[in-house]
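Structure at a glance
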Amino acid sequence: MVIRVSGLTVTYNGSEPALRDVTLEFDRGEMVLLMGPNGAGKSTLIKAVLGVVRPISGKVEVLGSDPVKDRSVRRRMAYVPQARSLNTLAPLRVRDLVEMGARLLPDSTDPDGGLDGRIRQAVEAVGLADRIDRRISQLSGGQIARALMARALAQNPEIYLLDEPFESIDAASEAMILRALRSERDRGKVVVLAEHHITDFSLFDRVVLLNRTVIASGRPEEVLPHLPSAADGHRSDR
(Lines give C-alpha, C1' and ligand atoms only; values in the text may rest on other atoms or scores of the structure.)
Protein backbone atom coordinates (compact mmCIF):
# COMPACT_ATOMS: atom_id res chain seq x y z
CA MET A 1 0.00 0.00 0.00
CA VAL A 2 1.18 3.53 -0.77
CA ILE A 3 -0.45 4.93 2.38
CA ARG A 4 -1.15 2.79 5.45
CA VAL A 5 -2.84 4.31 8.52
CA SER A 6 -3.00 1.92 11.49
CA GLY A 7 -4.89 2.55 14.74
CA LEU A 8 -4.33 6.30 14.42
CA THR A 9 -5.39 8.54 17.32
CA VAL A 10 -4.64 12.28 17.26
CA THR A 11 -5.48 14.92 19.86
CA TYR A 12 -4.81 18.66 20.07
CA ASN A 13 -3.63 19.98 23.45
CA GLY A 14 -5.06 17.02 25.33
CA SER A 15 -8.62 17.63 24.16
CA GLU A 16 -11.15 15.12 22.82
CA PRO A 17 -9.46 13.07 20.05
CA ALA A 18 -9.71 14.61 16.60
CA LEU A 19 -9.17 11.07 15.25
CA ARG A 20 -9.72 7.86 17.18
CA ASP A 21 -8.35 4.44 16.18
CA VAL A 22 -8.46 5.13 12.43
CA THR A 23 -7.22 2.35 10.16
CA LEU A 24 -7.20 2.90 6.38
CA GLU A 25 -5.13 1.99 3.34
CA PHE A 26 -4.76 3.76 -0.01
CA ASP A 27 -3.25 2.07 -3.06
CA ARG A 28 -1.87 3.17 -6.41
CA GLY A 29 -4.38 4.12 -9.08
CA GLU A 30 -7.06 4.91 -6.52
CA MET A 31 -9.14 8.08 -6.14
CA VAL A 32 -10.76 8.32 -2.70
CA LEU A 33 -13.27 10.81 -1.31
CA LEU A 34 -13.20 11.59 2.42
CA MET A 35 -16.58 12.75 3.69
CA GLY A 36 -17.92 13.69 7.11
CA PRO A 37 -19.36 16.64 9.05
CA ASN A 38 -17.33 19.66 10.11
CA GLY A 39 -14.91 18.63 12.84
CA ALA A 40 -14.92 15.01 11.69
CA GLY A 41 -11.12 14.89 11.41
CA LYS A 42 -10.75 14.94 7.62
CA SER A 43 -8.14 17.72 7.69
CA THR A 44 -6.38 16.09 10.63
CA LEU A 45 -6.09 12.83 8.69
CA ILE A 46 -4.55 14.64 5.72
CA LYS A 47 -2.10 16.46 8.04
CA ALA A 48 -1.14 13.16 9.63
CA VAL A 49 -0.38 11.67 6.21
CA LEU A 50 1.66 14.77 5.39
CA GLY A 51 3.58 14.30 8.64
CA VAL A 52 2.74 17.71 10.11
CA VAL A 53 0.83 16.34 13.12
CA ARG A 54 2.04 13.61 15.44
CA PRO A 55 -0.31 10.87 16.63
CA ILE A 56 -0.54 9.93 20.30
CA SER A 57 -0.98 6.31 19.21
CA GLY A 58 -0.98 4.30 16.02
CA LYS A 59 1.15 5.06 13.00
CA VAL A 60 1.18 6.37 9.44
CA GLU A 61 3.35 4.88 6.70
CA VAL A 62 3.75 6.64 3.35
CA LEU A 63 5.72 4.79 0.71
CA GLY A 64 7.15 2.65 3.50
CA SER A 65 8.33 5.59 5.63
CA ASP A 66 7.12 7.58 8.62
CA PRO A 67 6.38 11.04 7.15
CA VAL A 68 7.12 12.72 10.51
CA LYS A 69 10.66 11.31 10.63
CA ASP A 70 11.42 11.05 6.90
CA ARG A 71 10.90 14.49 5.43
CA SER A 72 12.10 13.37 2.01
CA VAL A 73 8.85 11.48 1.52
CA ARG A 74 6.94 14.77 1.69
CA ARG A 75 8.37 15.77 -1.71
CA ARG A 76 6.53 12.80 -3.17
CA MET A 77 3.20 14.21 -1.95
CA ALA A 78 1.37 17.30 -3.19
CA TYR A 79 -1.04 19.21 -0.95
CA VAL A 80 -3.89 21.27 -2.39
CA PRO A 81 -5.69 23.53 0.12
CA GLN A 82 -8.82 25.68 -0.20
CA ALA A 83 -8.48 28.58 -2.62
CA ARG A 84 -9.27 31.07 0.15
CA SER A 85 -6.17 29.94 2.08
CA LEU A 86 -3.91 31.61 -0.50
CA ASN A 87 -2.72 35.13 0.27
CA THR A 88 -3.86 36.94 -2.87
CA LEU A 89 -2.01 40.11 -1.80
CA ALA A 90 1.31 38.40 -2.47
CA PRO A 91 2.90 39.77 -5.69
CA LEU A 92 2.77 36.42 -7.46
CA ARG A 93 1.86 35.52 -11.01
CA VAL A 94 0.25 32.19 -11.88
CA ARG A 95 3.62 31.18 -13.35
CA ASP A 96 5.39 31.91 -10.04
CA LEU A 97 2.88 29.91 -8.00
CA VAL A 98 3.13 26.88 -10.28
CA GLU A 99 6.93 27.11 -10.33
CA MET A 100 6.93 26.53 -6.56
CA GLY A 101 5.64 23.05 -7.23
CA ALA A 102 7.78 22.44 -10.30
CA ARG A 103 10.99 23.18 -8.39
CA LEU A 104 10.26 20.37 -5.93
CA LEU A 105 10.98 17.86 -8.70
CA PRO A 106 14.70 17.47 -9.53
CA ASP A 107 15.50 17.94 -13.23
CA SER A 108 17.13 14.52 -13.26
CA THR A 109 13.73 12.88 -12.69
CA ASP A 110 11.76 15.28 -14.85
CA PRO A 111 9.73 13.33 -17.44
CA ASP A 112 8.68 16.47 -19.32
CA GLY A 113 12.00 17.99 -20.32
CA GLY A 114 12.58 21.02 -18.15
CA LEU A 115 11.12 23.46 -15.65
CA ASP A 116 9.36 25.76 -18.10
CA GLY A 117 7.80 22.88 -19.99
CA ARG A 118 6.46 21.38 -16.79
CA ILE A 119 4.95 24.71 -15.74
CA ARG A 120 3.23 25.20 -19.09
CA GLN A 121 1.93 21.65 -19.18
CA ALA A 122 0.41 22.08 -15.70
CA VAL A 123 -1.37 25.36 -16.45
CA GLU A 124 -2.70 23.96 -19.71
CA ALA A 125 -4.14 20.95 -17.84
CA VAL A 126 -6.30 23.28 -15.73
CA GLY A 127 -7.22 25.75 -18.47
CA LEU A 128 -5.06 28.66 -17.33
CA ALA A 129 -2.60 28.89 -20.21
CA ASP A 130 -3.98 32.30 -21.20
CA ARG A 131 -3.54 33.57 -17.63
CA ILE A 132 -0.06 32.28 -16.91
CA ASP A 133 1.35 35.81 -16.48
CA ARG A 134 -1.64 37.19 -14.55
CA ARG A 135 -1.18 38.13 -10.89
CA ILE A 136 -3.12 35.89 -8.55
CA SER A 137 -4.91 38.98 -7.21
CA GLN A 138 -6.57 39.26 -10.65
CA LEU A 139 -8.00 35.73 -10.56
CA SER A 140 -11.43 34.54 -9.50
CA GLY A 141 -11.80 32.02 -6.68
CA GLY A 142 -12.23 29.20 -9.18
CA GLN A 143 -9.13 30.25 -11.11
CA ILE A 144 -7.10 30.37 -7.89
CA ALA A 145 -8.25 26.84 -7.11
CA ARG A 146 -7.11 25.75 -10.56
CA ALA A 147 -3.75 27.51 -10.11
CA LEU A 148 -3.22 25.62 -6.84
CA MET A 149 -4.02 22.39 -8.67
CA ALA A 150 -1.51 23.33 -11.38
CA ARG A 151 1.14 23.84 -8.69
CA ALA A 152 0.49 20.27 -7.51
CA LEU A 153 0.55 18.85 -11.05
CA ALA A 154 3.88 20.55 -11.77
CA GLN A 155 5.39 18.73 -8.79
CA ASN A 156 4.59 15.38 -10.47
CA PRO A 157 3.96 13.70 -7.08
CA GLU A 158 3.00 10.13 -6.38
CA ILE A 159 0.25 11.21 -3.97
CA TYR A 160 -2.27 14.06 -4.13
CA LEU A 161 -3.87 15.23 -0.88
CA LEU A 162 -6.66 17.81 -1.28
CA ASP A 163 -8.37 19.49 1.69
CA GLU A 164 -11.77 20.87 0.61
CA PRO A 165 -10.45 22.50 -2.58
CA PHE A 166 -13.95 23.16 -3.97
CA GLU A 167 -15.15 25.50 -1.25
CA SER A 168 -16.88 28.47 -2.95
CA ILE A 169 -15.63 27.77 -6.49
CA ASP A 170 -17.60 27.50 -9.72
CA ALA A 171 -18.79 24.23 -11.23
CA ALA A 172 -16.55 24.60 -14.31
CA SER A 173 -13.41 24.86 -12.15
CA GLU A 174 -14.52 21.88 -10.06
CA ALA A 175 -15.02 19.79 -13.20
CA MET A 176 -11.64 20.79 -14.61
CA ILE A 177 -9.82 19.91 -11.38
CA LEU A 178 -11.61 16.57 -11.12
CA ARG A 179 -10.73 15.80 -14.74
CA ALA A 180 -7.05 16.50 -14.03
CA LEU A 181 -7.18 14.31 -10.93
CA ARG A 182 -8.80 11.44 -12.81
CA SER A 183 -6.02 11.66 -15.38
CA GLU A 184 -3.43 11.44 -12.62
CA ARG A 185 -5.22 8.48 -11.06
CA ASP A 186 -5.14 6.75 -14.44
CA ARG A 187 -1.36 7.22 -14.42
CA GLY A 188 -1.20 5.21 -11.19
CA LYS A 189 -1.16 8.12 -8.74
CA VAL A 190 -3.02 8.12 -5.41
CA VAL A 191 -5.66 10.84 -4.95
CA VAL A 192 -7.23 11.51 -1.54
CA LEU A 193 -9.77 14.35 -1.54
CA ALA A 194 -11.64 15.66 1.53
CA GLU A 195 -14.75 17.54 0.42
CA HIS A 196 -18.40 18.31 1.17
CA HIS A 197 -19.27 19.78 -2.21
CA ILE A 198 -19.25 16.92 -4.71
CA THR A 199 -21.80 16.63 -7.51
CA ASP A 200 -20.64 13.36 -9.10
CA PHE A 201 -19.69 10.57 -6.70
CA SER A 202 -19.22 8.12 -9.56
CA LEU A 203 -15.84 9.74 -10.30
CA PHE A 204 -14.41 8.13 -7.15
CA ASP A 205 -13.23 4.58 -6.68
CA ARG A 206 -13.99 4.67 -2.98
CA VAL A 207 -15.74 6.84 -0.39
CA VAL A 208 -14.63 6.94 3.25
CA LEU A 209 -17.13 8.29 5.78
CA LEU A 210 -15.27 9.73 8.73
CA ASN A 211 -16.45 11.16 12.03
CA ARG A 212 -13.35 10.99 14.21
CA THR A 213 -13.34 7.27 13.45
CA VAL A 214 -14.11 5.38 10.24
CA ILE A 215 -17.89 4.97 9.83
CA ALA A 216 -17.81 3.20 6.46
CA SER A 217 -15.47 2.65 3.52
CA GLY A 218 -16.26 1.21 0.11
CA ARG A 219 -17.71 1.88 -3.33
CA PRO A 220 -19.82 5.07 -3.50
CA GLU A 221 -23.06 3.16 -4.02
CA GLU A 222 -22.29 1.02 -0.98
CA VAL A 223 -21.27 3.82 1.35
CA LEU A 224 -23.55 6.78 0.60
CA PRO A 225 -26.60 5.19 2.33
CA HIS A 226 -24.54 5.40 5.54
CA LEU A 227 -24.27 9.23 5.44
CA PRO A 228 -26.76 9.70 8.32
CA SER A 229 -24.58 7.40 10.44
CA ALA A 230 -21.57 9.60 9.70
CA ALA A 231 -23.40 12.63 11.10
CA ASP A 232 -24.16 10.67 14.29
CA GLY A 233 -20.72 9.11 14.56
CA HIS A 234 -21.88 5.48 14.52
CA ARG A 235 -19.49 2.94 13.04
CA SER A 236 -20.89 0.79 10.21
CA ASP A 237 -20.22 -2.92 9.88
CA ARG A 238 -18.49 -2.27 6.54
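So, here is what we can say about the structure in this document. Fair warning: this is a prediction, and the values are worked out from it, not measured in the lab.

Cut-off values and rules
Residues numbered from 1 in each chain as written. Predicted model: local features only at pLDDT ≥ 70, side-chain atom pairs only at ≥ 80, totals over all residues. Heavy atoms only, no water. Buried < 20%, exposed > 50% of the residue type's maximum accessible area, 1.4 Å probe, protein only. Helix = DSSP H or I, 4+ residues; strand = E, 2+ residues; numbered from the N terminus. Pairing = 2+ DSSP bridges. Contact = heavy atoms within 4.5 Å. Lys, Arg positive; Asp, Glu negative; His and termini not counted. Salt bridge = Lys/Arg side-chain N within 4 Å of Asp/Glu carboxyl O. Polar contact = N/O pair within 3.5 Å; in protein donor to acceptor, adjacent residues only side chain to side chain.

**Points about the pairing of strand β3 (residues 30-35)**
Counting buried positions over the six residues of β3 gives six, a clear majority of the element. Neither face of β3 is exposed, since Glu30, Val32 and Leu34 on one face and Met31, Leu33 and Met35 on the opposite face are all buried. In the sheet, β3 pairs with strand β7 (residues 190-194) via five bridges, with the strands oriented parallel. Bridge pairing links valine 32 to valine 192 in β7. Where β3 lies against strand β8 (residues 206-210), four bridges are found, and the strand directions are parallel. Among the inter-strand pairings, valine 32 is bridged to a residue of β8, identified as arginine 206.

**Some words on the environment of arginine 182**
Structurally, arginine 182 is set in helix α5 (residues 171-186). The spatial distance from the C-alpha of arginine 182 to the C-alpha of aspartate 130 is 23 Å, given a sequence separation of 52 residues. Filtering out sequence-adjacent residues up to four positions away, arginine 182 remains in contact with Met31, Ser202, Leu203 and Phe204.

**Some words on the side chain of aspartate 163**
Structurally, the position occupied by aspartate 163 is in strand β6 (residues 159-163). Of the side chains with opposite charge, lysine 47 comes closest to the buried, unpaired aspartate 163, at an N-O distance of 6.0 Å. A polar contact of 2.7 Å, which involves the side chain of aspartate 163, links it to the side chain of serine 43. Those residues in contact with aspartate 163 that sit more than four places away from it in its chain are Ser43, Ile46, Tyr79, Val80, Pro81, Gln82 and Ala194.

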